[in-house]
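Next come the chains, spelled out residue by residue.
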Amino acid sequence: MDAMGFEDRSPDTLQLTRYNEGHLADYLRLLDLEADGADWREAAGLVFGIDAAAEPDRARIMHDSHLARAVDDRSRLRPSSWLQPASKGLISPSIMDQTYRGSASLR
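Residues numbered from 1 in each chain as written. Predicted model: local features only at pLDDT ≥ 70, side-chain atom pairs only at ≥ 80, totals over all residues. Heavy atoms only, no water.

Caption draft 1: Spotlight on the nonpolar core. Grouped together as the largest cluster of nonpolar side chains are 18 residues, with contacts concentrated most on F6, L30, V47, F48, I50 and A59. Among the secondary structure elements, those contributing two or more residues to this core are α2 (24–35), α3 (40–48) and α4 (56–77). Among the elements that line this core, the one with the most residues is α3, at five residues. Apart from the residues within four sequence positions on either side, A59 is in contact with W40, A44, I50 and A52. (Core = buried A, V, L, I, M, F, W, Y, C linked by side-chain atoms within 4.5 Å. Buried < 20%, exposed > 50% of the residue type's maximum accessible area, 1.4 Å probe, protein only. Helix = DSSP H or I, 4+ residues; strand = E, 2+ residues; numbered from the N terminus. Contact = heavy atoms within 4.5 Å.)

Caption draft 2: The arrangement of the side chain of N20 in detail. Of note, N20 is situated in helix α1 (residues 18–22). Take N20: its relative accessible area is 1%, and that puts it in the buried class. In this structure the side chain of N20 is engaged in a polar contact, spanning 2.8 Å, whose partner is the side chain of T17. Excluding anything up to four places from it in sequence, N20 contacts S10, P11, Q15, Y27 and R69. (Polar contact = N/O pair within 3.5 Å; in protein donor to acceptor, adjacent residues only side chain to side chain.)

Caption draft 3: Looking closely at the environment of D26. If you trace the backbone, D26 turns up in helix α2. A sequence separation of 40 residues divides D26 from H66, and the C-alpha atoms of the two residues are 8.9 Å apart. In terms of polar contacts, D26 uses its side chain to reach the side chain of H23, at 2.8 Å.

Caption draft 4: A look at the pattern of salt bridges. Going through the model one piece at a time under the given rule, you end up with four salt bridges. We note a salt bridge from E55 to R58, for which the minimum N-O separation is 3.5 Å. Exposure remark for E55: the relative accessible area of 35% places this residue in the partly exposed category. Among the residues examined, R58 registers a relative accessible area of 23% and is labelled partly exposed. When salt bridges that share partners are traced, they join D8, E55 and R58 into one network. (Salt bridge = Lys/Arg side-chain N within 4 Å of Asp/Glu carboxyl O.)

Caption draft 5: The confidence of the model for the protein, seen in detail. Residue-level pLDDT values for the protein average 75, and 65% of them are 70 or greater. Per-element averaging of pLDDT across the protein places helix α7 (residues 93–102) at the bottom with 40 and α3 at the top with 95. Overall, residues 79–107 carries pLDDT values under 50, and its contacts beyond four positions in sequence, including any with other chains, amount to 14 contacts. (pLDDT = per-residue confidence, 0-100.)

Next comes the structure, spelled out in structure tokens:
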């Protein structure tokens, strides 16, 4: 683990680990940089604090493995996927709508 607390490779497991939880903001930064079209070398420097010119192989491995994990977690944890059953008619949208409107804690 480096001084900033990063492993060279993100954990390769389906479970969310303490490591992943501890680096959630970094995963979000990677996703934002990717969406903005940032070069992987720039992202490695900004997120991991690693000089891609000095350590190109390590920087690439860190970037690619952590970005892959961020993309994988995003697809599993995306709120729109939680509503999938409603779109298939398993939960009535009107019932869901009444639940959200009737809840004082959500106002």
